[in-house]
Amino acid sequence: RASSVSVYEGELEELEEELRMNFGDGPHSEMSAAHTTPCRRILCSRYLQPRLTPKTPGRRPHLSKIPNTLELHRSLASGRGLGIQLRTMSTGFASEALFGGLPIGILSDSYKAGHFTQYPKATEASAYGEFRRGYNKDKEDTRCVFYGIRYIVETFLHRRWTRSDVDNVSKFYATHKAPFNTEYPWPKDLFYDIVEECDGFFPVKIEALPEGTCVNSHVPVFQITAKGKYAGLVTFLETLLCQVWYPTTVATLSRRCRQIVEDGFDRSVDDDRKFLVPSRLHDFGFRGCTCAEQSVIGGCAHLLSFEGSDTMSAAYYAQFVLNGGKAVASSIPATEHSVMMSWETEKEAIENMIEVYGDGIFACVMDSYDYARALDEILPSVASKKNARGDGGYMVLRPDSGDPVEAVLMALRAAEKVFGSEVNSKGFKVIKGCGVIQGDGINIDVLRQIL
């Protein structure tokens, strides 16, 4: 399992020796005394979980500064733990951070660079984007929540091109054509004209539905228009704009999940408690993202339907970039297994949480050792201390293993036995001062089963 590594000046001699052992002497094993932090990248899917309108027929990630003539790559060395590969690269690229250092002229698919010679001559050209099917190939309900284009436009298209950008693009295209790395066809003159004639901004008009709009599949969600000699570049930005699929998918999923939560509240919760709906599905998706930027894009999409989030990158961005400083998301103090197991007993860990946070909402993970025993023996042993903090205290029990439905029911039964319950106007029991949060194994189907 790879983990991130920071290399500091005091470790350079040891690292250089390892590099010599692995790769030999010479230019490929050079390293300056600058601090370097190889970027951790974990590729996996986020499982963020969504209310749809009535049916009808999206700061850039930053890498630490890297020595000017080097690019660092991390790989697992066979039998040796972490190996670091180094390769020389031109100074013009190396000192710039990823995304900030990638000229927009290559933020597309290769074949699009040659399309300017393939379209018929035109004075104006338009293209549009649509979703071809419903969420998870749903044929009956094809609605989706369109979201994420603002981030793409503001992050990439509002950036001014420079001659240096086009110069770097030129070096790339000069060796990009297969099979012998010859020059790939690309709109060189048009790219330089963008710098000289268009103040460095890509000369297209982009129109899109408002963020958060609910539409059916096959309804255009954005349109690009290019005119004059730039008409042949009309689809060059399609690759970037199509990335709206990810935040739109997260927003749609969260909205579907919210509908399930609302239906559950309609059946079982008194009307004066329905203010709790936006906090019922909590985002822990950061750790499942491939990079911090994805956590912001997907985390903000989730916040269209819910306010509960531990993805602080998204919560911060939504609050201070999108919402004028007004809070959008919130969370509560909670333990994890490392906290519970750092105490001599789980009881001591829970009592510490009660002492520190017992006058408000707090959560304790309950399956560090034996989930059933924790519910049957440890929870009753801390009840008096928890109750002594007053009516304002609310303890959330968190199972984190086993069958999600059964784990929730076990916690609810144990909590009722220890703290008691009241029956609301709809005939459902409401536990006093205690609840349950299930994090492990949650998807939209399991959510429906639990509720």
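Small disclaimer: the values here were computed from a predicted structure and weren't measured. (Residues numbered from 1 in each chain as written. Predicted model: local features only at pLDDT ≥ 70, side-chain atom pairs only at ≥ 80, totals over all residues. Heavy atoms only, no water.)

## A closer look at the overall build of the chain
Argument step 1. Looking only at helices and strands, the chain features 14 helices and twelve strands.
Argument step 2. Put simply, the chain has 451 residues, and 41% of those count as buried.
Argument step 3. Accessible surface for the chain amounts to roughly 24700 Å². Of this, 52% is attributable to carbon and sulfur atoms. (Helix = DSSP H or I, 4+ residues; strand = E, 2+ residues; numbered from the N terminus. Buried < 20%, exposed > 50% of the residue type's maximum accessible area, 1.4 Å probe, protein only. Areas by Shrake-Rupley, 256 points an atom, 1.4 Å probe, with all protein chains shown as cover.)

## Some thoughts on the sheet that holds strand β5 (residues 204-208)
Note: strands within a sheet are paired through backbone hydrogen bonds, in either parallel or antiparallel orientation.
Argument step 1. With respect to topology, three strands assemble into an open sheet ordered β3-β7-β5, the strand pairing being antiparallel. Each end of this open sheet is capped by a strand with a single partner; those strands are β3 (124-129) and β5. Averaged over all neighbouring strand pairs, the angle between strand axes comes to 15°, with direction disregarded.
Argument step 2. Direction of pairing for β5 relative to strand β7 (residues 222-227): antiparallel, over a ladder of five bridges. Residue pairing across strands places Lys 205 opposite Thr 225, the latter belonging to β7. (Pairing = 2+ DSSP bridges. Axes fitted to C-alpha atoms, helices over the stretch in contact; angles between N-to-C directions.)

## Focus on unusual backbone geometry
For residues that are not glycine, phi is negative in most cases, and the peptide bond is trans in most cases.
Argument step 1. Cis geometry marks the peptide bond from Ala 178 to Pro 179; its omega dihedral reads 5°.
Argument step 2. With respect to the helices and strands, the residue Pro 179 is situated in the loop between α4 (163-173) and α5 (188-197).
Argument step 3. At Lys 137, a position not held by glycine, the phi torsion is positive, near 65°.
Argument step 4. If you trace the backbone, Lys 137 turns up in the loop between β3 and β4 (144-145).
Argument step 5. A positive phi angle, near 70°, is found at His 218, a position not held by glycine.
Argument step 6. Relative to the assigned elements, His 218 resides in the loop between β6 (214-215) and β7.

## Some points on the side chain of Ser 108
Argument step 1. By secondary structure assignment, the location of Ser 108 is in the loop between α2 (91-94) and β3.
Argument step 2. Residue Ser 108 is classed as buried on the basis of its relative accessible area of 17%.
Argument step 3. Excluding anything up to four places from it in sequence, Ser 108 contacts Phe 236 and Thr 239. (Contact = heavy atoms within 4.5 Å.)

## Things to note about the packing of aromatic side chains
Argument step 1. Counted under the stated rule, the structure contains eleven aromatic pairs.
Argument step 2. In this structure an aromatic cluster arises from ring pairing among Trp 161, Phe 172, Tyr 173, Tyr 184, Trp 186, Phe 191, Phe 202 and Phe 236.
Argument step 3. Between the NZ or CZ atom of Lys 386 and the centre of the ring of Phe 419, over which it lies, the distance is 5.0 Å. (Phe/Tyr/Trp six-rings, centres within 6.5 Å; stacked < 30°, edge-to-face > 60°. Lys NZ or Arg CZ within 6 Å of the ring centre and 35° of its normal.)

## Some points on the confidence of the model for the chain
One rule of thumb: low pLDDT means the predicted coordinates there are not for detailed reading.
Argument step 1. Across the chain, the average pLDDT comes to 83, with 78% of residues at 70 or higher.
Argument step 2. Long-range and interchain partners of residues 1-13, a stretch whose pLDDT sits below 50, account for 25 contacts in this model, where long-range means more than four residues apart.
Argument step 3. Segment residues 18-98 is flagged for pLDDT under 50; beyond a separation of four residues in sequence, or across chains, it makes 188 contacts in the model. (pLDDT = per-residue confidence, 0-100.)

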